Structures are given as structure tokens and as C-alpha cells.
Amino acid sequence: MALPDSPSTGTAPDPGAVRRHRTLFRAARRRRNPPLRRTDITVTDEAMVRRAVKAASLGNAMEWFDFGIYSYLAVTIGHVFFPPGNETVQLLSSFATFAASFLVRPLGGMVFGPMGDRIGRKKVLALTMILMAAGTFCIGLIPSYATIGFWAPVLLLLFRLVQGFSTGGEYGGASTFIAEYAPDRRRGFWGSFLELGTLAGYVAAAGLVTVLTVLLGDQGMEDWGWRVPFLVAGPIGFVGLYLRLRLDETPAFKRLEEESSHRSAAASAHVEPSATADLKDIFRRQWPTLILCICLVGAYNITDYMLLSYMPTYLSDEMGYSETHGLLFLIGTMVVLMLLINQVGRLNDRYGRKPLLMAGMLGFLVLSAPAFLLVKQGSFVAVGSGMLMLGLSLVCLLGTMSAALPALFPTPVRYGSLAVGYNLSASLFGGTTPLVITALISVTGSDMMPAYYSMAAALVGVVSVAFMKETARRPLDGSPPSVSTPQEAALLVESRAPTPRF
């Protein structure tokens, strides 16, 4: 029978029972909250944390550089790879190919995620880096539709699928890698560097496309200039691979391996499905948290891709701006976000993940329509102000998600669960955002559809954040406490020591 104050009942202990059975209740409390030993606590090495953050963030920057250049060259790619004729059909075909790569992301997550829980985060992140760099580089080598006809879009789709498959293991692994290296009280700050990499990748992509467009003009870009950003990804990929291979495994995964090695052969066989993040185990045991993750990531990705991927196309197609001017507006907005994102990381460490996530979701819910009404005014100040309103809402999500999402799942299945949940959501909602918005505007004739779509996503996000548990300044589920200094570890042991009785 469960004790009155056990987790299975959720009720406070009966005072009379406590007086009659003091020893029993004291043993029960001690079993649920055992005293910490110094060896139970991970003391992080800040130099190692910085190296881990750098390697993970560079890989993330490369991922979004790759996806950014495709988004910003969507019109040009439509002209190069698809039959001439209707420009709207070309643009929709380009965005459809963009969205197609997201269809295989869940498959990549289901392959690389459990693999990362089984053989280690580091090895899988190195593999995803190689595939991403190779897929992007090969796109830059494909002949145009005018040269090889039907095979041009076929090869484009093939290498986009390679990109999407490799990306399925990237974000879940990179965010898990940083979360497991970072001390509990600074996980938000260090995690924010992952999304700083996202913004850096987008800025690099937008900046390179803008410079090339100014230097070469539209015809030069269609002739050969579009290839340059894709070919640049090859050398960047080798740099990221070098950084990742130099790292050690995360402390949490090392401890998990040590615990597994200490079990008997029979016990190890008994827990094998959980220890290796078996997909059936993830779906069977983690499904409530998976649903929460999918809703959070869906709201986050729709708003993210709407602003950072689709907006330049909106400014050029709907507002009549040149592609260069649209990209300059976006670059300015992203530079502001890069200056703020680490401060958002500090804030969610101090005040919690939920307040910052809720602020971002409510910002999109309330400000999307006014922001797009401003953008529609067309003036420099109005467009910049509208994009900044959306950007300030987005930075609350960017600076918090990479610390909040890995904390949803326990260590033995963290990589696999996050990779599956994140990529299912990204496939359904993230990569389809430019395509859906373009189609909605075409069907309805309303250029306010991006605002309405973002508001619908933000409403789902508000509900999801309300159901989240607060995880700031707490150990990751299934991992021991992680601190920055030996002094902090000593204070933590002292705070958890039983009160002496005289």
C-alpha cells in the first residue's frame, strides 16, 4: 500500500500516522530525496563547455546557412530548375522542393536520434555534418533545366532529401549536446548560442546572396552566381566536422555508459530497449511529452520560418521591393536579434523558461496583425518597425527553446525523443510554411495571410507553454546535478544533507 505522502497518491501525510510511524515516514522521504554525495555531482569545465557550444553552434549555423540560401534564392532557383512560363508556378515548385526536404526529416530523426542515444552524441553529430555539407555542395553542381531538362529538378529534389535526412539528427543532437554539457543554472545562456548560430547562418546566407546580387545582377545570378553560396558550404562543413571530432562525449552520456557497464548481463538485457532509445519505447512511454514537444516546435517553427525564410519573398512578391532591399531589411532585423539573444538566455535562467516562451507566443498572437499592417505601409520606417515587432517576439522563443526542449525528456532517450518530436513537427509545420502562405495568398487574395497563420500557430503555442513544467535551474531528468564550480557542488551537498537530530 502506498504511503499517504507518496507520489502515487499526491496527498499530504496524515499527521497522526506520521507521529505513530516516524521511522517509516523518515525512511520513505529519504528514499525519494536521498542525500547527495560529492561524486554524484558533475562539475563542468568551462573551457570544455565553450568548445562544445562552439562546435554545436557552428553545425547549426551551417544547417541554417544551407536552408537560408535556398529560401533567399527561391525565385532564382525557380527560374533555373523548373520549366519557364508561369512565375507563380515556378515559385510554388521551388517552395515545394524546399518543403519536400522536410518530409524526410522525421525519418532522419528516427534513424539518428536513437543512434545518438546508443553510440553517443558526438559520433552522430559528426555524421550529420558530413551529409549536410555534401548535400549542399552537390546542389551547387547541378546543371540547369535549360541544360538537362527534367533531370535538373529531379537532382535538386534528391540532394534536398539528403539535406533533410541529415538535418533530422542535427537540432536534437546539438541541443542535447549543449544541454548535457552546461551547468544547470546557466543552461539557458549556453543554449542560446545554438540559436545564435541559427541567426548567424541566416545572416551569412542573406549577406552573401545580397552581395552577389548587387555585383552580378539578376541575370548573372541566374547564369552562375546562385551556385556560389551552395559551393561555400563544403569548406564550412569540414571546419565544423574538425571541431566536433575534437570533443569528448557529454558528461551525462558518459555517466549513462558507466551505469550500463556496471549492470549484470541479465540486467543489461532487461533494460536494453530503454537504454538504446528504441523507437517503440519512445512512442509508448514518451507520447504525452512528444505531443507537447510537437505543439511547441510547430508554433515556434511556423513563426520562425515565416519571418526568417518567407519574409524576403513577401516583400518582393507582395510589396514590390527588390530582392536586395528585402534581404537588407531582414539582415538588419536579425543583427538586432543576435545582439539580444544571449541576454534572453540569461533572463530565462533567472526567471524561468515558461515566462519567456509565453512572452514570445503572446507577442506573435497580439502583434502579428499590427506588424503586417505596418509592413504594408511600404515606407522604410514602417517595414523596419513591423519586422522588429515580430523579431522581438521571435527572440524570446529563439533564446529559450534550445534549453527548454532537451529538458522535456530523460537522459537515456533524450536525443531520440527530441529528434523524433522536433522533426515530426518541423516536417508538418516548419518547412511547409512558405508554401502554405504562398498558396493561401494565391487562393484568398489577402496579403494578411502570413499574420493570420502566425496568430493561429501562436495560439497553439500559448496553450502548450501553459502545460509545460518549469525546468530552469534544475537537473536534467535522469542526470545528476551539474554545477560550475567545486564550491557550488559543496554548497549543494550541504543543502541536501539530512538535518542532524540530537
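About the criteria used
- Residues numbered from 1 in each chain as written.
- Predicted model: local features only at pLDDT ≥ 70, side-chain atom pairs only at ≥ 80, totals over all residues.
- Heavy atoms only, no water.
- Helix = DSSP H or I, 4+ residues; strand = E, 2+ residues; numbered from the N terminus.
- Buried < 20%, exposed > 50% of the residue type's maximum accessible area, 1.4 Å probe, protein only.
- Contact = heavy atoms within 4.5 Å.
- Areas by Shrake-Rupley, 256 points an atom, 1.4 Å probe, with all protein chains shown as cover.
- Patch = residues over 30% accessible without salt bridge, like charges linked within 9 Å, V, L, I, M, F, W, Y side chains within 5 Å.
- Salt bridge = Lys/Arg side-chain N within 4 Å of Asp/Glu carboxyl O.
- Phe/Tyr/Trp six-rings, centres within 6.5 Å; stacked < 30°, edge-to-face > 60°.
- Axes fitted to C-alpha atoms, helices over the stretch in contact; angles between N-to-C directions.
- Parallel < 35°, antiparallel > 145°, perpendicular 65-115°, else oblique.
- Left-handed = near helix turned anticlockwise from the far one by under 90°.
- Nonpolar A, V, L, I, M, F, W, Y, C, P; charged D, E, K, R; others polar.
- Disulfide = S-S within 2.5 Å.
- pLDDT = per-residue confidence, 0-100.
- Expected span 1.5 Å × (residues − 1).

### A look at the overall build of the protein chain
And step 1. The helix and strand inventory of the protein chain stands at 23 helices and two strands.
And step 2. The 502 residues of the protein chain split such that 55% are buried.
And step 3. Of the contacts formed within the protein chain by residues at least 6 apart in sequence, a portion of 84% connects residues at least 24 apart.
And step 4. For the protein chain, the exposed area adds up to about 20900 Å²; of that, 65% sits on carbon and sulfur atoms.

### Details of a nonpolar patch on the surface
And step 1. Where nonpolar side chains cluster on the molecular surface, the patch consists of Val335, Val336, Leu339, Leu340, Leu388 and Leu392 and spans about 460 Å² of accessible area.
And step 2. Counting residues per element, the nonpolar patch draws most heavily on helix α17 (residues 323–351), which supplies four residues.
And step 3. Relative to the helices and strands, Val336 is located in helix α17.
And step 4. The class for Val336 is partly exposed, based on a relative accessible area of 31%.

### Some thoughts on the side chain of Gln163
And step 1. Looking at the element boundaries, Gln163 is found in helix α9 (residues 151–167).
And step 2. Leave out the neighbours within four places in its chain, and Gln163 touches Asp66, Met132, Gly135, Thr136 and Ile139.

### Remarks on the pattern of salt bridges
And step 1. A complete count under the given rule lists eleven salt bridges for this structure.
And step 2. Where Arg50 meets Glu46, a salt bridge forms, and the shortest distance between an N and an O atom there is 2.9 Å. With Arg50 and Glu46 both in helix α3 (residues 46–72), this residue pair falls four residues apart, about one helical turn.
And step 3. The partner of Asp349 in a salt bridge is Arg353, and the shortest N-O contact between them spans 3.0 Å. Comparing Asp349 with Arg353 shows no difference in burial state: the two are buried.

### Some remarks on the packing of aromatic side chains
And step 1. What the rule picks out here adds up to twelve aromatic pairs.
And step 2. Seen in terms of ring centroids, Phe81 and Trp226 are 5.2 Å apart; in terms of plane orientation they differ by 75°. Their pairing is edge-to-face. Taken together, the residues span a long stretch of sequence, with Phe81 in helix α4 (residues 74–81) and Trp226 in the loop between α11 (187–225) and α12 (227–245) at a distance of 145 residues. A single burial state applies to Phe81 and to Trp226, both of which are buried.

### Some thoughts on unusual backbone geometry
And step 1. Positive phi outside glycine occurs at Arg473, with the angle close to 60°.
And step 2. Summarising the element assignment, Arg473 is placed in the loop between α22 (449–467) and β2 (482–483).
And step 3. On the accessibility criterion, Arg473 (36% relative accessible area) is partly exposed.

### Observations regarding the environment of Leu199
And step 1. Tracing the sequence through the fold places Leu199 in helix α11.
And step 2. By relative accessible area, which is 0% here, Leu199 ends up buried.
And step 3. On a C-alpha basis, the gap between Leu199 and Ala61 in space is 7.2 Å, while along the polypeptide they are 138 residues apart.
And step 4. For Leu199, the residues in contact, after removing those within four places along its chain, are Leu308, Met334, Leu337, Met338, Ile341 and Leu398.

### Things to note about the packing of helix α18 (residues 353–377) against α22
And step 1. Close contact between α18 and α22 brings their axes to 8 Å; oriented N to C, the two are set at 160°. The angle between α18 and α22 falls in the class roughly antiparallel. Note that α18 runs across α22; the crossing there is left-handed. Between α18 and α22, the contacting residues are Lys354, Leu357, Met358, Met361, Leu362, Phe364, Leu365, Ser368, Ala369 and Phe372 on the first element and Pro450, Ala451, Ser454, Met455, Ala458, Leu459, Gly461, Val462, Val465 and Ala466 on the second.

### Some thoughts on the packing of helix α16 (residues 287–317) against helix α19 (residues 380–404)
And step 1. Contact pair α16 / α19: the axes reach a minimum separation of 10 Å and the direction vectors enclose 150°. Seen from above, α16 lies across α19 with left-handed handedness. In this structure, α16 contributes Leu296, Tyr300, Thr303, Asp304, Met306, Leu307, Leu308, Met311 and Leu315 to the contact, and α19 contributes Val383, Met387, Leu390, Gly391, Leu394, Leu397, Leu398 and Met401.
And step 2. Residue composition of the contact of α16 with α19, by class: 14 nonpolar, two polar and one charged.

### As for the state of the cysteines
And step 1. Evaluated as defined, the whole model comprises zero disulfides.
And step 2. With no disulfide of its own, Cys293 has Cys295 as its nearest cysteine by sulfur position, at a separation of 9.3 Å.
And step 3. The exposure class assigned to Cys293 is buried, which follows from its relative accessible area of 0%.

### Re the confidence of the model for the protein chain
And step 1. Per-residue confidence for the protein chain gives a mean pLDDT of 83, with 89% of residues at or over 70.
And step 2. Per-residue pLDDT stays below 50 along residues 264–277; that stretch engages in 17 contacts with residues further than four places along the chain or on separate chains.

### Some words on α22
And step 1. Relative to the 27 Å expected for 19 residues at 1.5 Å per residue, α22 spans 28 Å between its end C-alpha atoms, a close match to the ideal helical length.
And step 2. Within α22 the residues assigned to the buried category are Met449, Pro450, Ala451, Tyr453, Ser454, Ala457, Ala458, Gly461, Val462, Ser464 and Val465.

### As for the environment of Thr42
And step 1. Here Thr42 lies in strand β1 (residues 42–43).
And step 2. Separated by 139 residues in the primary sequence, Thr42 and Tyr181 have C-alpha atoms spaced 9.5 Å apart.

### Some words on the side chain of Ser427
And step 1. Tracing the backbone through its elements, the reader meets Ser427 in helix α20 (residues 414–430).
And step 2. When neighbours within four sequence positions are excluded, Ser427 is seen to be in contact with Phe102, Leu103, Pro106 and Thr432.

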